[in-house]
Amino acid sequence: MLTEGTELVGEFAGSGYRHPPHLVHRFDGQVINLPALLYETAKSVGRHQDSAAESGSAAHLLACVAQDLTRTTGREFTAEHVAYVLDNKLAPLGITTRSDGTVADFAKAAHPFLGLRYRAALVSEGATWVIAGMFAWLFQPFLVLMAVSTFLAMEIWLFSTADTGLAMTRVMADPGGILTMLGLTLASAAFHEVGHAAACRYGKVRPGAMGCGVYLVWPAFYTDVTSSYRLDRVGRLRTDLGGVYFNSLFVLGMITLYLYSPSPVLLAAILLVNLEMFQQLLPTLRFDGYYIVSDLVGIPDLFKYIGPILRRTVLRRPPEERLAALKRWPQVVVTVWVLVVLPVLTLQLGVILFHLPQMATTAWTTATGLVTSAGEGDAPVLGTVAAYVQILFLLLPLLGILLILWQLGSLVVRMLRKRYGGNVNRPQGRHRWHGTLSLLLWGLIATAVLTVAYLLWNLARPTTGLSTDRWIGSARVERSSGPTTVGHGHVFLWKPGSATAETDTDTAPERALLTD
């Protein structure tokens, strides 16, 4: 029988595969794609499970399913064939029980590459449904056209008449202005998630919970919009773009306030939200732009095609089965994406590594200056809070770089161990590798603790501090090289993988669209 809470959704609309997969929403929220035969088997099990429960005969259920499959496929199926499919294909995925009625153990899907790992729900599914209903009407086509046109016109006017650089400089000299600017940017990030949820409800599907998590080391908002996979391609694209659309509405509100009362804080916040929207549309990491490309071509997880495409285009090997399962034009789009994004990410990583010593030195100098001048001015408490907020945003990029290098180093170690490990039963070597990595990790932790202790000690020391001009200059220079807002995103708990053979199944990775 189907496991309790499992739902058969249907064919994945707008798929980029030659044979579109069928979707199953498992009871734990994971969505799995199945080839046609396995989906028909699960569908037949769900159709006959009530009558089988009344008769109490598992053999009756197997016989009914075999008859259905014989009729729908034109191939001969017996009860033994159905029992094999249940025991070896569907039950290990958690979709059905075994042929004897017992529940099999199943493994959860592997965590996706560059996905959102750590998160906690802050708004329940029911509350998200209510909040989304308050704003879903904003997706009516006429309103979208009017809002986007007004946004573009106001943006052109604002940035052609206002000096955003001067406004940012003035805000950075005012602790209260810094906190207000960051608060407005944070509110825009939260409203971004409401946009994703409202787009789901406008498409007549139910969004999940909203919350926050950590993407690499950056704080991130997310919205569970797994149900958007019930929509067609247009509906999924509307869900992907809903967050940026609501950012534009938030900017329109701030521009209206700016017209009523010109303020450098509003102007600086508008600039940050615009930068946030631009980054959100980049198709590199798992931000909205990545999922726009993914849903446009109907290919769920683009990252898993990097290896097959490189082996075909660079090593000139024959196309693998995973690539052959794609339609022609999605293959072209995914190939272009891989050949463009991979060099860009490699170049970005190289530039970061080249400038890492300078970034660390500048961050240390700026953080020290912020600490020593934190208690000065007319509002020492507010100045201290603002200083520590800026120090946090200075340190987060460095911690993110170290974490990325740690993950890349671990990947290289695993590849080398797999390639040159020889005999797998060599515990001494394995312990030696783990001991070295643990030593490096504890060294980084100790360095971070000593850094924080030193900054706190400097803050407690009586000092004359830095001049205001020097503080403004160092803060302005450093903020240009690090994130300035809290990141955010929304989670898609499923994306289908390739399924060409009748016995192939796949579970889709978690989706997270993020902005920093």
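Parameters and conventions
- Residues numbered from 1 in each chain as written.
- Predicted model: local features only at pLDDT ≥ 70, side-chain atom pairs only at ≥ 80, totals over all residues.
- Heavy atoms only, no water.
- Helix = DSSP H or I, 4+ residues; strand = E, 2+ residues; numbered from the N terminus.
- Contact = heavy atoms within 4.5 Å.
- Areas by Shrake-Rupley, 256 points an atom, 1.4 Å probe, with all protein chains shown as cover.
- Buried < 20%, exposed > 50% of the residue type's maximum accessible area, 1.4 Å probe, protein only.
- Expected span 1.5 Å × (residues − 1).
- Bend = angle between axes of the 7 residues up to and from the residue.
- pLDDT = per-residue confidence, 0-100.
- Phe/Tyr/Trp six-rings, centres within 6.5 Å; stacked < 30°, edge-to-face > 60°.

**Student:** So what exactly am I meant to see when it comes to the overall build of the protein chain here?
**Tutor:** Scanning the protein chain from N- to C-terminus turns up 16 helices and 9 strands. Of all intrachain contacts in the protein chain linking residues separated by at least 6 positions in sequence, the fraction that spans at least 24 positions is 73%. If you sum the accessible surface of the protein chain, you get close to 25,300 Å²; carbon and sulfur atoms cover 65% of it.

**Student:** I would appreciate a short explanation of the side chain of Thr335 in the present structure.
**Tutor:** Mapping Thr335 onto the fold places it in helix 13 (residues 328-372). Classification of Thr335 as buried rests on a relative accessible area of 11%. Those residues within four positions of Thr335 in sequence are excluded, and the remaining contacts are Ile309, Arg312 and Thr313.

**Student:** What's the story with helix 8 (residues 233-260) in this structure? I'm lost.
**Tutor:** An α-helix turns once every 3.6 residues. As a result, residues three or four positions apart point the same way. For helix 8, spanning 28 residues, the distance from its first C-alpha to its last is 41 Å, which sits close to the expected 40 Å at 1.5 Å a residue. The sharpest bend along helix 8 measures roughly 40° and falls at Gly242.

**Student:** Explain the confidence of the model for the protein chain here, please?
**Tutor:** Parts of the model with low pLDDT should not have their predicted coordinates read in detail. Across the protein chain, the average pLDDT comes to 76, with 74% of residues at or above 70. For the protein chain, the element scoring lowest by mean pLDDT is helix 16 (residues 468-479), at 28; helix 5 (residues 141-161) scores highest, at 95. A low-confidence stretch, residues 422-438 (pLDDT under 50), is modelled with 7 contacts involving residues beyond four sequence positions or located in other chains. Here residues 511-516 scores under 50 on pLDDT; set against residues more than four positions off or in separate chains, the count is 49 contacts.

**Student:** Looking at this structure, I do not really get the packing of aromatic side chains. What am I missing?
**Tutor:** Centre-to-centre distance and the angle between the planes together describe a pair of aromatic rings. Under the definition given, this model contains 13 aromatic pairs. Plain terms: the ring middles of Phe135 and Phe246 are 6.0 Å apart, the flat faces sit at 70° to each other, and that makes the pair edge-to-face. Of this pair, Phe135 sits in helix 4 (residues 125-135) while Phe246 sits in helix 8, and the two are 111 residues apart along the sequence. With relative accessibility at 23%, the residue Phe135 sits in the partly exposed group. Seen in terms of ring centroids, Tyr245 and Phe246 are 5.8 Å apart; in terms of plane orientation they differ by 65°. Their pairing is edge-to-face.

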